[in-house]
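Each chain, written out:
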Amino acid sequence: MKPVARSQLVPSQTVRIEEVRALIEKYRNAYYQQDQSLISDGEYDLLEQELKELEALEPLSAGDALTTKVGSGSGSVFDPVVHGQKMMSLDNVFDSQGFQAWAERVGAGPYLCEPKIDGLAVSLTYKEGVLIRAATRGDGEVGEDITQNAMTIQGVPHRLLGQNHPELVEVRGEVFFELEDFAKLNARIVSQGGKPFANPRNSASGSLRQKDPAVSATRPLKMLVHGFGVWSADVSSQSAVYEKLAHWGLPTTKRYRVLETPNLVLAYISELEAARPTIEHEIDGVVIKVDDLATQASLGSTSRAPRWAIAYKYPPEQVYTKLLDIKVSIGRTGRATPFAVLAPVVVAGSQVEFATLHNQEQVKSKGVLIGDTVVLRKAGDVIPEILGPVVSLRDGTECPFVMPSNCPECQARLEPASQGDIDLRCSNAKSCPAQLRERIAYIGSRAALDIEALGYVSASALTNPVEPAVAPILSEADLFSLTMEKLLPIRAKVIDADTGLARKDAEGHDKVVDYFRKKNGEPSEVAVKLLANLEAAKTKPLWRLLVSLSIRHVGPVAARALADNFGSFRAIFEASQEQLAEVDGVGPTLAESITGWYLEDWHRQILASWEDAGVQLSNPMHREQGVSKSDGLFAGLSIVVTGSMETMTREAIEALIIENGGKAASSVSKNTAFLVAGPGAGSKLNKAESLDVLVITEAQFLDKLPA
Ligand code: IVH
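On a predicted model such as this, the values are computed, not experimentally measured, just so you know.

## Here's the deal with the overall build of the protein
Thought 1: Within the protein one finds 24 helices and 24 strands.
Thought 2: By the compact-globule yardstick of 27 Å for 707 residues, the protein is too spread out, its C-alpha radius of gyration being 34 Å.
Thought 3: Across the 707 residues in the protein, those meeting the buried criterion constitute 50%.
Thought 4: In the protein, the proportion of contacts linking residues at least 24 apart, taken out of those at least 6 apart, comes to 67%.
Thought 5: In the structure as shown, the protein presents an accessible area of about 32,800 Å², 51% of it carried by carbon and sulfur atoms.

## So, the layout of surface pockets
Thought 1: If you add up the space inside the second largest pocket, you get close to 710 Å³.
Thought 2: Taken together, 26 residues line the second largest pocket, and the ones lying closest to its centre are Thr333, Ala429, Arg552, Trp597 and His603.
Thought 3: At the level of secondary structure, the elements contributing two or more residues to the lining of the second largest pocket comprise β18 (425-426), α12 (433-444), α20 (587-599) and α21 (601-612).
Thought 4: It is α20 that contributes the most residues to the lining of the second largest pocket, five residues altogether.

## Description of the packing of α12 against helix α13 (residues 456-463)
Thought 1: At a closest axis distance of 8 Å, the pairing of α12 and α13 adopts a crossing angle of 135°. As summarised for this structure, α12 and α13 are arranged oblique, according to the angle between their axes. In terms of crossing hand, the pair formed by α12 and α13 is right-handed. For the pair α12 and α13, contact is made by Leu436, Arg437, Glu438, Ile440 and Ala441 and by Tyr456, Ala459, Ser460 and Thr463, respectively.
Thought 2: Classifying every residue of the contact of α12 with α13 by side-chain character gives five nonpolar, two polar and two charged.

## So, the packing of aromatic side chains
Thought 1: Under the counting rule described, the total for this entry stands at 14 aromatic pairs.
Thought 2: Taking 5.0 Å as the distance between ring centres and 80° as the angle between the ring planes, the aromatic pair formed by Phe480 and Trp610 counts as edge-to-face. One end of the pair, Phe480, is in the loop between α13 and α14 (484-487); the other, Trp610, is in helix α21, and 130 residues separate them in sequence. In this structure, Phe480 and Trp610 share a single accessibility class: buried.
Thought 3: An aromatic cluster is present here, built from Phe569, Phe573, Trp597 and Tyr598 joined pairwise through their rings.
Thought 4: For Arg560, the ring lying beneath its charged end belongs to Trp543, and the centroid distance is 4.1 Å.
Thought 5: Directly above the aromatic system of Phe674 lies the positively charged group of Lys704, at a separation of 5.2 Å from the ring centroid.

## Some remarks on the nonpolar core
Thought 1: Judged by nonpolar contacts, the single largest core of 61 residues is most densely connected at Leu530, Leu546, Leu549 and Phe569.
Thought 2: Contacts of Leu546, omitting those with residues within four sequence positions, involve Ile551, Val554, Ala559, Leu562, Phe569, Ile572 and Phe573.
Thought 3: Core analysis: the next-biggest nonpolar cluster, separate from the first, contains 41 residues, Ala150, Leu160, Ala233 and Leu293 among them.

## A word on helix α17 (residues 556-566)
Thought 1: Along α17, the residues classified as buried are Ala558, Ala559, Ala561, Leu562, Ala563, Asn565 and Phe566.
Thought 2: Elements in contact with the buried residues of α17: α16 (542-547), α18 (569-574), α19 (577-582), α20 and β22 (663-665).

## Some remarks on the sheet that holds strand β3 (residues 111-117)
Thought 1: Here five strands make up an open sheet; going across it, the order is β2-β11-β10-β3-β9 and the pairing mixed. Edge positions in the sheet fall to β2 (92-93) and β9 (257-259), since each of these pairs with one other strand and no more.
Thought 2: Here seven bridges tie β3 to strand β10 (residues 283-290), and the two strands are oriented antiparallel to one another. Bridge pairing in β10 places Cys113 opposite Ile288.
Thought 3: Each of β3, β9 and β10 is contacted by helix α8 (residues 238-247), which is oriented at about 55° to β3, the strand it contacts most.

## Quick word on the confidence of the model for the protein
Thought 1: Averaged over every residue, the pLDDT of the protein is 88; the share at 70 or more is 94%.
Thought 2: Here residues 60-64 is a poorly scored stretch, pLDDT under 50, and it has six contacts once near neighbours within four places are set aside; other chains count.
Thought 3: Confidence drops under a pLDDT of 50 for residues 621-628, and excluding neighbours within four residues, the segment shows 22 contacts in the predicted structure.

## Observations concerning the pairing of strand β4 (residues 120-127)
Thought 1: Judged by how many residues are buried, β4 sits mostly within the fold: seven of eight residues are covered.
Thought 2: Here eight bridges tie β4 to strand β7 (residues 168-176), and the two strands are oriented antiparallel to one another. Across the sheet, Ser123 pairs through a bridge with Arg172, a residue of β7.
Thought 3: Bridging between β4 and strand β5 (residues 130-136) involves six bridges; their strand directions are antiparallel.

## Remarks on the site of the ligand
Thought 1: Every one of the 14 residues lining the ligand counts as a neighbour, but Pro115, Lys116, Ile117, Arg137 and Glu174 are closest to it.
Thought 2: Here a nitrogen atom of the ligand sits 3.1 Å away from a polar atom, N or O, in the side chain of Lys289.
Thought 3: Protein chains shield 87% of the accessible area of the ligand, which is 530 Å² for the free molecule.
Thought 4: In terms of residue count, β3 provides more of the shell around the ligand than any other element does, four residues in total.

## Points about the side chain of Ser123
Thought 1: Mapped onto the elements of the fold, Ser123 is located in strand β4.
Thought 2: With a relative accessible area of 3%, Ser123 lands in the buried category.
Thought 3: For Ser123, the residues in contact, after removing those within four places along its chain, are His83, Met87, Arg133, Ala134, Ala135, Glu170, Val171 and Arg172.

## Quick word on the packing of helix α1 (residues 11-34) against helix α2 (residues 41-57)
Thought 1: Across the interface, α1 lies against α2 with an axial gap of 10 Å and an inter-helix angle of 140°. The angle between α1 and α2 places the two elements in the oblique class. Both α1 and α2 take part in a crossing whose hand is left-handed. Of α2, the residues touching α1 (which contributes Gln13, Arg16, Ile17, Val20, Arg21, Leu23, Ile24, Tyr27, Arg28 and Tyr31) are Asp41, Tyr44, Leu47, Glu48, Glu50, Leu51, Leu54, Glu55 and Leu57.

What counts as what
The residue numbering used here restarts from 1 in each chain and proceeds along that chain's sequence as written. It should be noted that, the model being predicted, local features are given only for residues of pLDDT at least 70 and side-chain atom pairs only at 80 or more, the latter also being counted only at that level, while totals for whole chains, interfaces and linings use all residues. Here the side-chain values reflect all heavy atoms present in the structure, with hydrogen atoms and water set aside. The helix count covers DSSP runs of H or I at least four residues long, the strand count covers runs of E at least two residues long, and both are numbered beginning at the N terminus. Put simply, the radius of gyration uses C-alpha atoms, and a globule should come to 2.2 Å times the residue count raised to 0.38. Categorising residues by exposure relies on relative accessible area from a 1.4 Å probe, with only protein chains included: less than 20% of the type maximum marks a residue as buried, more than 50% marks it as exposed, and the intermediate range marks it as partly exposed. Contacts: residue pairs with any heavy atoms within 4.5 Å of one another. Here the open area of atoms and residues is found with the Shrake-Rupley method and a 1.4 Å probe, where only the protein chains shown may cover a residue. With a 1 Å grid spanning the protein atoms alone, the term cavity applies to any set of points in which a 1.4 Å probe fits but cannot get out, the term pocket to an open set with protein on both sides within 12 Å along at least five of seven lines, and the term lining residue to any residue with an atom within 4 Å of a point. Grid points are joined across faces, edges and corners, and a volume is the space filled by probe spheres set on the points. Here the axes come from fitting lines to C-alpha atoms, over the contacting stretch only for helices, and the angles between their N-to-C directions go from 0 to 180 degrees. Any angle that falls under 35 degrees is termed roughly parallel, while one over 145 is termed roughly antiparallel, one within 65 to 115 roughly perpendicular, and all others oblique. A clockwise turn of the near helix away from the far one marks a right-handed crossing, whereas an anticlockwise turn of less than a right angle marks a left-handed crossing. Classification convention: Asp, Glu, Lys, Arg as charged; Ala, Val, Leu, Ile, Met, Phe, Trp, Tyr, Cys, Pro as nonpolar; all other residues, Gly among them, as polar. Each aromatic pair joins two rings of Phe, Tyr and Trp (for Trp, the six-membered one) with centres within 6.5 Å, and gets the label stacked for planes under 30 degrees apart, edge-to-face for over 60, and tilted for any other angle. Counted as over-ring charges are cases with an Arg CZ or a Lys NZ within 6 Å of the ring centre that also lie within 35 degrees of the ring normal. What we call a nonpolar core is a set of buried Ala, Val, Leu, Ile, Met, Phe, Trp, Tyr and Cys residues that are connected through their side-chain atoms within 4.5 Å. At least two bridges found by DSSP between two strands are what make those strands a pair. By definition, pLDDT measures how confident the predictor is in each residue, and it falls between 0 and 100. Nearness is defined per residue: one heavy atom within 4 Å of the molecule or strand is enough. Contacts described as polar in this section are N or O atom pairs within 3.5 Å, which, within protein, must combine one atom able to donate a hydrogen with one able to accept it, while residues neighboring in sequence count only if both atoms come from side chains.

What follows is the structure, encoded as C-alpha cells:
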C-alpha cells in the first residue's frame, strides 16, 4: 500500500514545482535525444536540486518523482537495447561536508577515487570476449543500440585480450572528446557548412549517435571504462575490476587512486581540481566509490543511484551567455585580434565580459554568430574561451562577423604582413593610437623596462589624451623627454587593457580623469613616480632597452644574446644581417627583422632622441652584473678571452676585465677591442685575425693591469 502523505507545499510552490518539472523534462529530452544542452550543466544541477527540495515536501510514490529517474527515454533512430543490469546515475555532493556525510553513511575505506568525465555513458557487452553490443544509457533500463558506431571508437577492443573470458560481461564507461579534437571537429563541420556543437560533451553524443557509422568513424572519440553491469569474473574490489579490465585491453584511467581515509580523498579532490585545466578532456568532478565489492552489495542502491558511490562536483567551468558583439583590438605590432563582447557572467570565480577569438579564421571555425548564446569556458586561471554556439537557441536574428578592412582606431588598412598570413595588421605602425599605446605600455612592462608607473592607463593617457589637443608622446622618441609641465594638463579616458575600449562612468559616458594632477592642482603620485622611474630606466641593462623597442621577434632571450655580443645599440644596428644571424639564439628571421626595423627613419629617430635624453645605449660596464665602473681601465671595451691560460683560469681573466670596467664578450666581432689568446685558440683567433682585431697573450694582458 502506498503511504498517504499530505503535501506541505504552499500554493506558489505548487506552481513552481510544475514549472521546474516541465523545464527538467524539456532539458532532459533535448540532452538525451537531440544531443543539445539548452542550459549549462551548472544551471541544470540547480534546477534538479530545487526540484528535489520541493519533492521532499510533496511525497509522491517514489517511482513518479522526476528526480528519482535516470536519463530520458531513448530516441527513435536506434533499436532499443534492454540492459542486463540497470545503468545507474550518481548522487552529487558539492562540498567537503557533503562528502563527509556520505563517507559516514558508507563507513570506513578504502575508497576508490577517479575523475568524473564529462561525456556520455555507454555500456559494452562482451560475450566470451567478443564485443557483441554497445548501447547508450537511455532511461537506465533501455538504451539505444549503437554497436556499429561504438566499434569505431579508438581503443575499444572488438575482442578482449587473454583467454577464458566470462560468458557475458557488461562494461560501462564514458565516451568523450578531448578538447583539442573537439575544436578541430567543429572547424571541420563548419567548413563543410554544418552546424557546430556547443561543447565537447554534445559533440561526443552527437558523433556517437550518427545514423551512419561511417560518420562516427571520422570522429576521434575516446572512451574510458569505469564500471560494470552483468559480471561474473572472480574479483573482490572495484580496483581489481579495473586491473582486470585493463588486462583485457580496455581503456581505464591512469588517474584513479585507492585511498584509506576521507581526508586523503579530500586531498585527492583538491589535487585533481588544481590539475583540471591541464587535463586533455573535460571533467566535472570526482567519483568516489567504496572499493570493496561486498560492501558495495550490502549498501545497495536507490532506484536512481548506488549508495556506494558519490559524485563530488566541481564548480562549472562552462556557462552560457550571449555573444553581444565581436570587436577588433590592435596589438603593439599592429595585429588585429577579434574578441567577443559577452553579456557579463561569472565563471570559475571571476566575472567575464570579453574573450579573445584570436583571428578571423577562428571566428569562422568556431561557427559563432553575433547574437548567439554561446558556451563560455574558463578553466582555473586560464583565459576564458568560447567553445561554441548553442545552435538550437538561435532565433534567426543572429548575424555573421565580418572582419573589418580598416583599423578601428586609425582607419588605416588592415592587411597581412606577408602573403598568406592569417593575421591582419594595421599598416600605420608609427601613429596608430592603438599601436603606440600598446608599445608604450609594453616599454613599461616587466618584460621590458619594468616601469611601475608606466602601465596601460598611463600609456594611453600619454599617447591619446582628451586634453591637451597634442599628445605629449607622439612616438617612443618622446618618452624620455617628458617633464612635469607636459604631464600636469593631461586629462584622459580610462582604457581597458584587454579590449582597448574606454571604461564607462555610472551614466554610461566614457570615463575621463585627470591622470597626473591632484584635485588641488599639484602633481599626483603617479606623475612624480613616472618621472623618477623614467630617469632610473635610462641606465637599465641594454637588453631591456632593446626589448622595449617592440622589434618583431626580439624578446628577452634574443635581446640578451645581442646585448652580450655587440655591447651597444650602435654595434647591433650597424651589424650586417649575417653578423646578427650568427649570434647564438638570433638566426635569420630575427636578423632580418632588426635590420628592417632600423631602415625606418622614425625608428632611428627614437634612438637619437633617447640618446639625447641621456639613455645609455651601450653596455660598457656590464651593468647587468652590478659592476659600474665608468672610469676603469677597460671602460667601454669589449674583450674576448680564448684558448687556455697559463697562470690563471679563463674565468679569472674575465673577472679582471669586468673588474676594470670592460665587457667580457663571448664572441669576436669588429667591435672587439682585443682578443686575449692562449694555446689551443681556434675559431675566435681566426676570426680576430680576419677582422684585424688586436690579439695579445695572457702575459701582455696582465702587464696592462695597474700594479
Ligand atoms: S560510475 C553505478 N564513474 O557520470 C555508478 N560514472 O552523473 C555509475 N561518469 O552516469 C557511474 N565519470 O555516466 C562513474 N568515473 C566515473 C564517471 C562516471 C563519468 C558519469 C556516468 C554516470 C554519470 C552520473
